[in-house]
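Each chain is listed here by its residues.
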Amino acid sequence: EEDEVEVAAAAEVEEEVTDLPGAVKGVLKRALVVDGVIRGLHEVAKHIDASKAQVVFLAESCNEPAYKKLVQGLCLEKNVPL
């Protein structure tokens, strides 16, 4: 059974990335697997404020102006790419 798992993992082929959104999606997917992604306004704000964030992605579907303003302001203050 372990051999089957190893073969399945080896058979998984990296997708060819041809655009920036595809590359970002792939990196986020891999980071999510190793708990390298912080989600949610409260947790994100804490990490930005503590200067732990390396980059922040704000969803286009975020329709709350106060949330956008908070995240944008924190990123600007701490020099975190948004």
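As a starting point, this report considers the structure included with it.

Thresholds, definitions, all that
- Each chain has its residues counted from 1, following the order in which its sequence is written.
- At least 70 in pLDDT is required for a residue's local features to be given in this predicted model, at least 80 for side-chain atom pairs to be given and counted, and no such filter applies to totals for whole chains, interfaces and linings, which use all residues.
- Each side-chain value is derived from all of the structure's non-hydrogen atoms; neither hydrogens nor water enter the calculation.
- Cavities and pockets were defined on a 1 Å grid built over protein atoms only: a cavity is a set of grid points that admits a 1.4 Å probe from which the probe cannot escape, a pocket is an open set flanked by protein on both sides within 12 Å along at least five of seven lines, and lining residues are those with an atom within 4 Å of any such point.
- Grid points are joined across faces, edges and corners, and a volume is the space filled by probe spheres set on the points.
- Secondary structure elements follow DSSP: runs of H or I no shorter than four residues count as helices, runs of E no shorter than two count as strands, and numbering proceeds from the N terminus.
- Gly counts as polar in this scheme, as do all residues outside two lists: the nonpolar Ala, Val, Leu, Ile, Met, Phe, Trp, Tyr, Cys and Pro, and the charged Asp, Glu, Lys and Arg.
- Only protein chains enter the accessibility calculation, which uses a 1.4 Å probe; a residue whose area is less than 20% of its type maximum is buried, one above 50% is exposed, and one in between is partly exposed.
- Note: the arc covers the axis-to-C-beta directions of the helix.
- In what follows, residue pairs with any heavy atoms lying within 4.5 Å of each other are defined as contacts.

Side note on the layout of surface pockets
Computed from the structure, the largest pocket encloses a volume of approximately 740 Å³. Every residue lining the largest pocket is counted, 23 residues in all, and those nearest its centre are Ile38, Val44, Val55, Val56 and Phe57. Taken together, the elements giving at least two residues each to the lining of the largest pocket come down to helix H2 (20-33), helix H3 (41-49) and helix H4 (65-78). Looking at the lining of the largest pocket, the element that brings in the most residues is H2, giving four residues. Taken together, the residues that form the lining of the largest pocket break down as 17 nonpolar, four polar and two charged.

Description of H3
Every α-helix winds through 3.6 residues per turn, so residues three or four apart in the chain are directed the same way. Here H3 has its buried residues at Val44, Ala45 and Ile48. Each buried residue of H3 lies within a common arc of 100 degrees when the element is viewed along its axis, so the set occupies one face. At its buried positions, H3 is contacted by H4. Note on H3: the residue one or two positions beyond its end, Ser51, has a positive phi of about 60 degrees.

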